[in-house]
Amino acid sequence: MWESLSVTGVDKEMKQRIREKSILQAQERAKEATEAKAAAKREDQKYALSVMMKIEEEERKKIEDMKENERIKATKELEAWKEYQRKAEEQKKIEREEKLCQKEKQIKEERKKLKSKSLTRNSASRNLAAKGRNSENIFTEKLKEDSIPAPRSVGSIKINFTPRVFPTALRESQVAEEEEWLHKQAEARRAMNTDIPELCDLKEEEKNPEWLKDKGNKLFATENYLAAINAYNLAIRLNNKIPLLYLNRAACHLKLKNLHKAIEDSSKALELLMPPVTDNANARMKAHIRRGTAFCQLELYVEGLQDYEAALKIDPSNKIVQIDAEKIRNVIQGTELKS
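Please read all numbers here as calculations on a predicted model, not as lab measurements. (Residues numbered from 1 in each chain as written. Predicted model: local features only at pLDDT ≥ 70, side-chain atom pairs only at ≥ 80, totals over all residues. Heavy atoms only, no water.)

Asker: I'd like to hear about the packing of helix 8 (residues 281-297) against helix 9 (residues 301-314), residue by residue, with values.
Answerer: For the pair helix 8 and helix 9, interaxial distance at closest approach is 7 Å and the crossing angle is 165°. By the angle class used here, helix 8 and helix 9 are roughly antiparallel. Between helix 8 and helix 9 the crossing geometry is left-handed. Together, Ala281, Arg284, Met285, His288, Ile289, Arg291, Gly292, Thr293, Phe295 and Cys296 of helix 8 and Tyr301, Glu303, Gly304, Asp307, Tyr308, Ala310, Ala311 and Ile314 of helix 9 make up the contact between the two elements. Taken together, the residues that form the contact of helix 8 with helix 9 break down as ten nonpolar, four polar and four charged. (Axes fitted to C-alpha atoms, helices over the stretch in contact; angles between N-to-C directions. Helix = DSSP H or I, 4+ residues; strand = E, 2+ residues; numbered from the N terminus. Parallel < 35°, antiparallel > 145°, perpendicular 65-115°, else oblique. Left-handed = near helix turned anticlockwise from the far one by under 90°. Contact = heavy atoms within 4.5 Å. Nonpolar A, V, L, I, M, F, W, Y, C, P; charged D, E, K, R; others polar.)

This is how it looks when you write it as structure tokens:
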């Protein structure tokens, strides 16, 4: 307990100085407390920021790991697909060589048969000549009558030729390739498979692959890509020799980002579009562009550029394809075109 509320024996000036001194001390203590709080707050913010940065770094690392795994997976799938294509090409080459060997054997056998026939004919003619000398005097008049042929009758022969489908000049003719292409198209039109359960509820005109192709094209135009793929799938089950079905289905897969399926369908379309002739040039160019686009979206720019260059060989004057190919070259070289 204080004995009094004021100091005794002190004048007013002294009291004023004591009061000011106490006020200054209180202000200094308040200032120190405020600075301590601010320092503590800054430390807390630094700690929270470092924790957030660590969390973000871990998340970023997880995302990069996922991307790397996806890229490795896609690369492995692509390598497996390339290996499959290479083995298929080797198998085809072996089959072609076997066919050539068989043809050569057949030709040799036919030549042997012709030689044996010519030898028998020569021996028979020698025997007949010997007999003829012995009986020359007896049958002279008869032989003379037989050797004179009857006069020919006058007449004219009309010859009609089937008009060619591809009116190219003879010096630029690709008759063998054109005939093979026409044969493939005719075979595709004849190949109809009606033993499919999905066809039971369809009308007769709806069982036609061409009708299903048109249906798929209309669905694609309305951006109903899944329904369009279903239409193309059924058409391919009916007839798997029509290249446009695979080409259109590849466009749907591109829209849905099914990039590996788009590559597979484009490759199948290119396989069916062989041999390369003028009639299928536009379809081959589209197949190369769609496969190149899928490769580029998988960040396989070198393979994509190869397909775009193949498309430019078919149509060198196509400005859009030229611009896209130049963009891919710039990406490969590590530069970007100015937009």
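From this point, things continue past the structure.
Asker: Tell me what's going on with the nonpolar core, and back it up with residues and numbers.
Answerer: Core analysis: the biggest nonpolar cluster contains 22 residues, and Leu212, Ala228, Tyr232, Leu245, Tyr246, Leu247 and Cys252 have the highest contact counts within it. Those elements that provide at least two residues to this core are helix 4 (209-221), helix 5 (225-238), helix 6 (243-255), helix 7 (259-272) and helix 8. Among the elements that line this core, the one with the most residues is helix 5, at seven residues. Residues Ala74, Leu78, Leu259 and Ala294 belong to the second largest nonpolar core, which totals eleven residues. (Core = buried A, V, L, I, M, F, W, Y, C linked by side-chain atoms within 4.5 Å. Buried < 20%, exposed > 50% of the residue type's maximum accessible area, 1.4 Å probe, protein only.)

Asker: Describe the UniProt feature "repeat: TPR" (unreviewed entry) in the protein chain, and please don't skip the residues or the numbers.
Answerer: In this structure's numbering, the residues bearing the UniProt feature "repeat: TPR" (unreviewed entry) are residues 285-318. Taken end to end, residues 285-318 is 79% helix and 0% strand, and its two terminal C-alpha atoms sit 10 Å from one another. (UniProt positions renumbered as here; feature names shortened; annotations may be inferred.)

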